[in-house]
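# Remarks on the overall topology
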Amino acid sequence: MPVNELGAILLAYAMGCFCSGYYLVRLKTGEDLRLLGSGGLGGTNAARRLGRWALPLVAAVDLGKGSFALLVAERLGATETAMAAASGAVVLGHVLPIQLGFRGGKGVATSLGAWAVLAPWLLGLLALVSLPIILLSRRLVPGGMLGYALLAIAAWPLAESPVLALSIGFTAALVIAAHRDNLRRDLGLGQTGGQA
């Protein structure tokens, strides 16, 4: 693999490691968000400590870094394969940031940002399969994660290449795995603390 493409993938992972909720709370209060509330590094847990304004800010930053990582990879001349790998890498960095002991966020906003650049049609398809389930079940996390699972399956016949389908499946699996505690709680399979 050419150096520029490997660099794009590693840079995407490094960008993903910037968990904005963690650093915002650390900056504002000096506290470690991993030790507060649910322990999650997403906007929901940050908002519990800082107020409602933190939720859209954290979501926007996480969404933006997903898109920015892919735009940088594109600028570095990444091929389709490297772009797909960078998409998975930025979400991997968000979910498993090395500098935070591999305890990161849930990856939804970051994956949406990456997909907006990599394959924008994914956003429409995800909304199409997730929203009816969420509205009917009135459960955000189970409905959303079922949407991610269905998207990973649908990617095989719909994606432009097997590489893109693999990247979508990998990313969806990361996001679903990051929500495992939420799913256990919402589905009545045991009480745990892993919220957003």
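Let us look at the structure shown here.

Conventions used here
- For every chain, the first residue of the written sequence is number 1, and numbering continues from 1 onward in sequence order.
- Only residues with pLDDT of at least 70 get local features here, since the model is predicted, and only at 80 or more are side-chain atom pairs given and counted; chain-wide, interface and lining totals rely on the full set of residues.
- As a rule here, side-chain values cover all heavy atoms of the structure and leave hydrogens and water aside.
- Disulfide: a pair of cysteine sulfur atoms within 2.5 Å of each other.
- Whether a residue is buried, partly exposed or exposed follows from its accessible area with a 1.4 Å probe, protein chains only, as a fraction of its type maximum: under 20%, in between, or over 50%, in that order.
- Every helix listed is a DSSP run of H or I at least four residues long, and every strand listed is a run of E at least two residues long, numbered separately from the N terminus.
- In this analysis, the expected span of each helix is defined as 1.5 Å times one less than the number of residues it contains.
- A contact between two residues is defined here by any heavy atoms of the two lying within 4.5 Å.
- Whenever a nitrogen or oxygen atom comes within 3.5 Å of another N or O atom, the pair is scored as a polar contact, on the condition that within protein one atom can donate a hydrogen and the other can accept it, and that pairs from neighbouring residues in sequence are kept only if both atoms are in side chains.
- Counted as salt bridges are all cases of a side-chain nitrogen of Lys or Arg within 4 Å of a carboxyl oxygen of Asp or Glu.

### What about the state of the cysteines?
Overall, the coordinates contain zero disulfides when judged by the stated rule. A disulfide-free cysteine, Cys17 has its sulfur positioned 7.0 Å from the sulfur of Cys19, the nearest such atom. According to the relative accessible area criterion, Cys19 is buried, its value standing at 0%.

### Digging into helix α4 (residues 54-75)
Taking 1.5 Å of rise per residue, 22 residues should cover 32 Å, and α4 covers 31 Å from first to last C-alpha, within 8% of that figure. Looking only at α4, the buried set comprises Ala54, Val58, Asp62, Lys65, Gly66, Ser67, Ala69, Leu70, Val72 and Ala73. The secondary structure elements touched by the buried residues of α4 are α1 (3-16), α2 (20-29), α3 (43-50), α5 (80-95) and α6 (108-118). Phi for Gly77, located one or two positions after α4, is positive at around 85°.

### What to know about helix α8 (residues 140-158)
For α8, with 19 residues, the first-to-last C-alpha span of 25 Å sits near the 27 Å given by 1.5 Å per residue. Here the buried face of α8 lies against α6, α7 (121-137), α9 (162-178) and α10 (180-186).

### Digging into the environment of Ser111
Relative to the helices and strands, Ser111 resides in helix α6. We classify Ser111 as buried; its relative accessible area is 0%. Beyond its immediate chain neighbours, meaning those up to four positions away, Ser111 contacts Val91, Tyr148, Thr171 and Val175. A distance of 2.8 Å separates a polar side-chain atom of Ser111 from the backbone oxygen of Val108.

### Re the side chain of Ser38
By secondary structure assignment, the location of Ser38 is in the loop between α2 and α3. Since its relative accessible area comes to 18%, Ser38 is described here as buried. There is a polar contact of 3.1 Å between the side chain of Ser38 and the backbone nitrogen of Gly40.

### Notes on the pattern of salt bridges
Between side chains of opposite charge, a pair can form as their charged atoms come close. In total, this model carries four salt bridges according to the counting rule given. Of the charged contacts in the structure, one is a salt bridge between Lys65 and Asp62, with a shortest N-O distance of 3.9 Å. Note that Lys65 and Asp62 are positioned in helix α4 at a spacing of three residues, about one turn of the helix. One exposure class covers both Lys65 and Asp62, and it is buried. Across the salt bridge formed by Arg184 and Asp181, the nearest N and O atoms sit 2.6 Å from each other.

All quantities given are derived from atomic positions and should not be read as evidence of function.
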